[in-house]
Amino acid sequence: MVNQKGGVGKTTTAVNLAAGLGFGGLSVLLVDLDPQGNASTAVGGEHRNEEPGTYEVLIEQENIADHVQVSEEAPNLKVLVATMDLAGAEIELVSVVSRETRLKRAIDAYLADNDVDYVIIDCPPSLGILTINAFVAAAELLIPIQCEYYALEGLTQLQRSISMVKANINPSLVLSTVLLTMYDGRTRLSSDVAEQVKQYFPEETMETIIPRSVRIAEAPSYGQTVITYQPASAGGQAYLAAAEELARRGAEQD
Ligand code: ATP
Ligand code: MG
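Quick look at the structure, then. (Residues numbered from 1 in each chain as written. Chains lettered and ligands numbered in written order. Predicted model: local features only at pLDDT ≥ 70, side-chain atom pairs only at ≥ 80, totals over all residues. Heavy atoms only, no water.)

As a matter of local geometry, ligand 1 sits amid 17 residues, with Lys10, Thr11, Thr12, Pro211 and Ser213 nearest to it. Gln36 is positioned such that a nitrogen or oxygen atom in its side chain is 3.3 Å from an oxygen atom of ligand 1. Taken by itself ligand 1 offers 620 Å² of open surface, and the protein chains cover 80% of this. Judged by the fraction of its atoms near the pocket grid, ligand 1 is located in the second largest pocket. Broken down by secondary-structure element, the contributors of at least two residues to the shell around ligand 1 are helix H1 (10–23) and helix H9 (214–218). Top element by residues in the shell around ligand 1 is H1. It accounts for three residues. Residues of the shell around ligand 1, tallied by class, amount to seven nonpolar, seven polar and three charged. (Near = heavy atom within 4 Å. Polar contact = N/O pair within 3.5 Å; in protein donor to acceptor, adjacent residues only side chain to side chain. Areas by Shrake-Rupley, 256 points an atom, 1.4 Å probe, with all protein chains shown as cover. 1 Å grid on protein atoms, 1.4 Å probe; cavity = no way out; pocket = protein on both sides within 12 Å on 5 of 7 lines; lining within 4 Å. Sits in = over half its atoms within 2 Å of the grid points. Helix = DSSP H or I, 4+ residues; strand = E, 2+ residues; numbered from the N terminus. Nonpolar A, V, L, I, M, F, W, Y, C, P; charged D, E, K, R; others polar.)

Every regular strand shows the same layout, with side chains that alternate between the two sheet faces. Counting buried positions along strand E1 (residues 28–32) gives five out of five residues, so the element sits mostly inside the fold. With burial as the criterion, each face of E1 is covered, one bearing Val28, Leu30 and Asp32 and the other bearing Leu29 and Val31. Here four bridges tie E1 to strand E3 (residues 77–80), and the two strands are oriented parallel to one another. Following the sheet pairing, Val31 is matched in E3 by Leu80. Judged from the five bridges that link them, E1 and strand E4 (residues 118–122) form a sheet pairing that is parallel. In the sheet register, Leu30 faces E4, and the bridge partner there is Ile120. (Buried < 20%, exposed > 50% of the residue type's maximum accessible area, 1.4 Å probe, protein only. Pairing = 2+ DSSP bridges.)

Before going further, it helps to spend a moment on the side chain of Thr225. Take Thr225: it is sitting in the loop between H9 and helix H10 (226–229). What Thr225 contacts, discounting residues up to four positions off in sequence, is Val15, Asn16, Ala19, Ala42, Val43, Glu73 and Ala219. (Contact = heavy atoms within 4.5 Å.)

With that settled, the discussion passes to a negative patch on the surface. On the surface, Glu50, Glu60, Glu62, Asp66, Asp85 and Glu92 cluster together into a patch of negative charge. Residue placement: Asp85 occurs in the loop between E3 and helix H4 (86–92). (Patch = residues over 30% accessible without salt bridge, like charges linked within 9 Å, V, L, I, M, F, W, Y side chains within 5 Å. Salt bridge = Lys/Arg side-chain N within 4 Å of Asp/Glu carboxyl O. Lys, Arg positive; Asp, Glu negative; His and termini not counted. Charge placed at Lys NZ, Arg CZ, Asp CG, Glu CD.)

A few words now on helix H5 (residues 102–113). End to end, H5 covers 18 Å across 12 residues, agreeing with the expected 16 Å (1.5 Å per residue, within 8%). All buried positions along H5 are accounted for by Arg102, Leu103, Ala106, Ile107 and Tyr110. Along H5, the residues classed as buried sweep out an arc of 125° about the axis, all on the same side. For H5, the exposed residues set more than 90 degrees away from the buried face come down to Arg105 and Ala112. Elements that come into contact with the buried residues of H5 comprise E1, helix H3 (54–59), E3, E4 and helix H6 (129–137). (Expected span 1.5 Å × (residues − 1). Arc of directions from axis to C-beta.)

A few words now on the layout of surface pockets. Roughly 910 Å³ of volume is contained in the largest pocket. Lining the largest pocket are 35 residues, with Asp117, Tyr118, Val119, Ala139 and Glu140 positioned closest to its centre. Those elements that provide at least two residues to the lining of the largest pocket are H5, E4, H6, strand E5 (140–146), strand E6 (174–181) and helix H11 (234–253). Take the lining of the largest pocket: its biggest share by element is six residues, from H11. For the lining of the largest pocket, a count of residues per class yields 21 nonpolar, six polar and eight charged. If you add up the space inside the second largest pocket, you get close to 520 Å³. Considering the residues around the second largest pocket, the lining is formed by 28 residues, among which Gly9, Lys10, Thr11, Thr12 and Met182 are closest to the centre. Ranked by the residues each element gives to the lining of the second largest pocket, the list is headed by H1, at five residues. (Points joined across faces, edges and corners; volume = space filled by probe spheres on them.)

So, on to H1. Helix length check: H1, at 14 residues, gives a terminal C-alpha distance of 20 Å against a target of 20 Å (1.5 Å per residue), a fit within 8%. Residues of H1 that are buried: Lys10, Thr11, Thr13, Ala14, Val15, Asn16, Leu17, Ala18, Ala19, Gly20, Leu21 and Gly22. Immediately beyond the C-terminal end of H1, within one or two residues, lies Gly25, with a positive phi of roughly 100°.

Have a look at this one:
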């Protein structure tokens, strides 16, 4: 989940797709790559008392398997939590060897020994070394786009970073998926933005659109995803549909 623009729904999408895929019977590893640790909180991960997680994996090169926590938010959902330490990682990584490939190595090692259908990485709102680690580790990128003014702002910069990583380190990286979030059916603006995004990303934009929903925004304060908090709400249904659409796309590729 990537978009250097803040507050567009990256974390919300990461945790709810992870839960949706989990309830669909798939096994998911959620990697919280944002020092804010919001994805960790949303799936009930312990991360406020310096529990080990993404920081130890990136900086100390420890194994993911030793630090994953089991989330109660869905069957077969595990989370690698982020702590505030991760804020320092951006600077600490600058001077270490293989700084762009550390997450990839760790995930590849984990996947060699564990049966995982999806690894979902929640990126911070920047294009720094943490996000570059995600670009190197990932096969696909999903960009959540908020149906608001300036929705497409910054996408050129994002695409430039993606191209750079593709050309130099990870040739198989694809921007495969765009998800429209916080859609407000009552406003002309939302539908205009949705149209614009579909024109810009005709293949990538998912059919499922995530509505603006109070239930989605409330869920994290209960340490839950909307999928367990209010599955029948419009937001819960939308994220379940998005997870199903994503899984179908994945199955068609295989
Ligand atoms: P950051 O860039 O800070 O990491 P983000 O891109 O991860 O932000 P979120 O944290 O997922 O964005 O969402 C930003 C805020 O909007 C949060 O308070 C979240 O609860 C709320 N939000 C996300 N999606 C929806 C939605 N569909 N309806 C209502 N509120 C939403
Ligand atoms: Mg976030």
